[in-house]
Amino acid sequence: MGKVVVLDHPLIKHKLTFVRDKNTGPKEFKELVKEISTLMAYEVTRDLPLEEIEIETPIAKTKSQIISGKKLGLIPILRAGLGMVDGMLDLLPAAKVGHIGLYRDPETLEAVEYYCKLPNDIEERDLILLDPMLATGVSAIAAINFLKEKGGKSIKFVCLVAAPEGIEAIHKEHPDVEIYVASIDEGLNEDAYIVPGLGDAGDRLFGTK
Ligand code: URA
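The shown structure was predicted, so the numbers you read here are calculated from the model rather than taken from an experiment. (Residues numbered from 1 in each chain as written. Predicted model: local features only at pLDDT ≥ 70, side-chain atom pairs only at ≥ 80, totals over all residues. Heavy atoms only, no water.)

**As for the overall build of the protein**
- Across its full length, the protein holds six helices and 13 strands.
- Relative to the compact-globule value of 17 Å for 209 residues, the protein shows a C-alpha radius of gyration of 18 Å, a close match.
- The principal-axis extent of the C-alpha atoms belonging to the protein is close to 65 × 40 × 30 Å.
- In the protein, which comprises 209 residues, the proportion classed as buried is 44%.
- The long-range share in the protein, meaning contacts at least 24 apart out of those at least 6 apart in sequence, stands at 61%.
- As presented, the protein carries roughly 11,300 Å² of accessible surface, and 52% of it is formed by carbon and sulfur atoms.
- For the protein, the separation between the mean place of its 25 positive charges and that of its 34 negative charges on side chains is 4 Å. (Helix = DSSP H or I, 4+ residues; strand = E, 2+ residues; numbered from the N terminus. Rg over C-alpha atoms; globule rule 2.2 N^0.38 Å. Buried < 20%, exposed > 50% of the residue type's maximum accessible area, 1.4 Å probe, protein only. Contact = heavy atoms within 4.5 Å. Areas by Shrake-Rupley, 256 points an atom, 1.4 Å probe, with all protein chains shown as cover. Lys, Arg positive; Asp, Glu negative; His and termini not counted. Charge placed at Lys NZ, Arg CZ, Asp CG, Glu CD.)

**What about the side chain of aspartate 131?**
- For aspartate 131, the position within the fold is in the loop between β8 (126-130) and β9 (133-134).
- The side chain of aspartate 131 sits in the buried core without any salt bridge; arginine 79 is the nearest counter-charge, 9.8 Å away.
- Excluding anything up to four places from it in sequence, aspartate 131 contacts Ile77, Ala80, Gly81, Met84, Ser139, Phe157, Val158, Cys159 and Leu160. (Salt bridge = Lys/Arg side-chain N within 4 Å of Asp/Glu carboxyl O.)

**Focus on the pairing of strand β6 (residues 99-104)**
- With two bridges joining them, strand β4 (residues 72-78) and β6 adopt parallel strand pairing. By the bridge assignment, leucine 78 is partnered in β6 with glycine 101.
- Pairing of β6 with strand β7 (residues 111-117), which is carried by six bridges, proceeds in the antiparallel orientation. Pairing of leucine 102 across the sheet is with glutamate 113, part of β7.
- Hairpin geometry of β6 and β7 is characterised by an intervening segment of six residues between the two adjacent antiparallel strands and by a positive phi of about 65 degrees at leucine 109. (Pairing = 2+ DSSP bridges.)

**Looking at the packing of aromatic side chains**
- Scanning the model with the defined rule gives one aromatic pair in all.
- Measuring from ring centre to ring centre gives 6.3 Å for tyrosine 103 and tyrosine 114, while their planes differ by 35 degrees; the resulting arrangement is tilted. With tyrosine 103 in strand β6 and tyrosine 114 in strand β7, this residue pair connects regions lying eleven residues apart in the sequence.
- For tyrosine 103, a relative accessible area of 40% gives the class partly exposed.
- Accessibility expressed as a relative area gives 47% for tyrosine 114, which makes it partly exposed. (Phe/Tyr/Trp six-rings, centres within 6.5 Å; stacked < 30°, edge-to-face > 60°.)

**Regarding the pairing of strand β2 (residues 50-56)**
- Note: β2 against strand β3 (residues 61-67), seven bridges, orientation antiparallel. Across the sheet, leucine 50 pairs through a bridge with isoleucine 67, a residue of β3.
- Linking two consecutive strands that pair antiparallel, namely β2 and β3, is a turn of four residues.

**A closer look at unusual backbone geometry**
- A cis amide bond links leucine 78 to the next residue, arginine 79, at an omega of 0 degrees.
- Positionally, arginine 79 belongs in the loop between β4 and α3 (85-91).
- The omega torsion of the bond from valine 195 to proline 196 falls at -5 degrees, within 30 degrees of zero and hence cis.
- Among the structural elements, proline 196 can be located in the loop between β13 (194-195) and α6 (201-206).
- One non-glycine residue, alanine 192, lies in positive phi territory at about 65 degrees.
- Structurally, the position occupied by alanine 192 is in the loop between β12 (187-188) and β13.
- Even without being glycine, lysine 209 reaches a positive phi, approximately 110 degrees.

**Observations concerning the site of the ligand**
- Every residue near the ligand is listed here: Met133, Ala135, Ala192, Tyr193, Ile194, Gly199, Asp200 and Ala201.
- Residue glycine 199 places a main-chain N or O atom 2.7 Å away from a nitrogen atom belonging to the ligand.
- Starting from 230 Å² of accessible surface for the ligand in isolation, the protein chains cover 81%.
- Considering only residue class, the shell around the ligand consists of six nonpolar, one polar and one charged. (Near = heavy atom within 4 Å. Polar contact = N/O pair within 3.5 Å; in protein donor to acceptor, adjacent residues only side chain to side chain. Nonpolar A, V, L, I, M, F, W, Y, C, P; charged D, E, K, R; others polar.)

Below, the structure is given as structure tokens:
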């Protein structure tokens with residue numbers, strides 16, 4: 001079984017409650033998703049390598065650590081993944097951002113790519129794939145397949161809410177992909193919505209429907 005990290009910090013739990021609440025409107029929803037993403041970025045980057053450099057404080061020379069030239073790529077899955085980008089960029093301003101657009105073919109139920117623009121050196125980057133919802137895992141798996149086909153080697157998947165079915169599906173296909181999640185919910189309903197979840201994340205972010 002691959003690695004799943006549940007980020008259950010009180011600040012994340014508190015904000016997630018208001019994200020779930022159906023009375024939260026798009027403006028507040030967007031702000032909360034951004035704030036949760038910033039908090040998640042902190043944990044997702046916990047294993048970044050450090051190097052020691054010499055600096056001078058006003059008092060003395062000292063050795064101190066900085067992040068060791070690691071290149072990151074943030075890859076939101078359109079469209080709901082967009083809501084997580086700015087919050088992550090607040091902490092990781094040097095990350096490059098690539099976009100993947102997928103839709104589900106109504107006949108085959110397969111995820112089909114309709115848009116893709118990635119940094120041209122993704123094989124050298126630690127990629128952080130973003131989608132607030134991990135439901136069946138179909139689009140996440142398609143996006144991971146796609147990133148690997150394009151040369152991606154190091155991939156983490158970050159979502160706000162996951163169904164156990166989606167976690168299992170990703171790890172069956174891609175056991176190397178670590179999953180970071182704020183909450184693992186009960187499961188999926190007959191329409192493949194996460195229960196209790198938060199509804200359609202794209203609609204709630206962008207006020208559509
Ligand atoms: N996508 C969503 O936006 N919400 C769900 O509950 C499942 C998939």
